[in-house]
Amino acid sequence: QVQLVESGGGLVQAGGSLRLSCAASERTVSTYAMGWFRQAPGKEREFVAGISWSGGRTDYTDSVQGRFTISRDNAKNTVYLQMNSLKPEDTAVYYCAVGRSFNLRAYQYWGPGTRVTVSS
């Protein structure tokens, strides 16, 4: 079973930046799609961004397009989420995910999450 560990969350002021990282326990994830989801208090988990195994395809939810960038380093079994121009509505627990689907919004394995708080 693939294990994932997120890091990089924290408290930041609106307009600031954070970079989340997610390291996977197995090298096989280099052939998997990887993605980020988030869950705000009182809301359902939502898709944020996804990237194909090669990095050649990416997908973003509309609310983060142009502000967030997903990338990956297959040599390190790691996916990143660079978050710029953060807004209070980006406050949530962010989850890393990996999966074998061609659909960049569908995943099988999940990390425990890292909390991001954006103050106004």
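Just above sits the structure.
A brief look at the structure comes next. Only a predicted model underlies this, so the values are computations on that prediction, with no experimental measurement involved. Residue indices begin from 1 for each chain and proceed along its sequence in written order. With pLDDT at 70 or above as the cut-off, local features in this predicted model cover only qualifying residues; side-chain atom pairs require 80 or more to be listed or tallied, and sums for whole chains, interfaces and linings still use all residues. Side-chain numbers come from the whole structure's heavy atoms, not from hydrogens or water.

Quick look at the side chain of Asn77
No. 1: Secondary structure elements are defined from DSSP: runs of H or I of at least 4 residues count as helices, runs of E of at least 2 residues count as strands, and each element is numbered from the N terminus. By the element assignment, Asn77 lies in the loop between β7 (68–73) and β8 (78–83).
No. 2: In what follows, residue pairs with any heavy atoms lying within 4.5 Å of each other are defined as contacts. Beyond its immediate chain neighbours, meaning those up to four positions away, Asn77 contacts Cys22, Ala23, Ala24, Glu26, Arg27 and Val29.

Let's talk about the packing of aromatic side chains
No. 1: Here a Phe, Tyr or Trp ring, Trp counted by its six-membered ring, pairs with any other such ring whose centre lies within 6.5 Å, and the pair is stacked when the planes are under 30 degrees apart, edge-to-face when over 60, and tilted otherwise. Within this structure, the stated rule accounts for three aromatic pairs.
No. 2: Here Phe37 and Tyr107 contribute two aromatic rings whose centre-to-centre distance is 5.7 Å and whose plane-to-plane angle is 85°, an arrangement assigned as edge-to-face. A residue pair is termed long-range when its members are at least 10 positions apart, and Phe37 in strand β4 (residues 33–39) and Tyr107 in the loop between β9 (92–99) and β10 (109–110) qualify at 70 residues.
No. 3: Partly exposed residues are those whose accessible area sits between 20% and 50% of the maximum for their type, while under 20% is buried and over 50% is exposed, using a 1.4 Å probe and protein chains only. Using a relative accessible area of 8% as the deciding quantity, one classes Phe37 as buried.
No. 4: Here Phe37 and Trp110 contribute two aromatic rings whose centre-to-centre distance is 4.8 Å and whose plane-to-plane angle is 65°, an arrangement assigned as edge-to-face. Of the two residues, Phe37 sits in strand β4 while Trp110 sits in strand β10, which places them 73 residues apart along the sequence.
No. 5: These aromatic residues form a ring-pair network of at least three members: Phe37, Phe47, Tyr107 and Trp110.
No. 6: One cation-aromatic arrangement involves Arg19 over Tyr80; the distance from NZ or CZ to the ring centre is 4.0 Å.
No. 7: Lysine NZ or arginine CZ positioned within 6 Å of the ring centre and within 35 degrees of the ring normal marks a charge as sitting over the ring. Taking NZ or CZ as reference, Arg45 lies 4.7 Å from the ring centre of Trp110, over its face.

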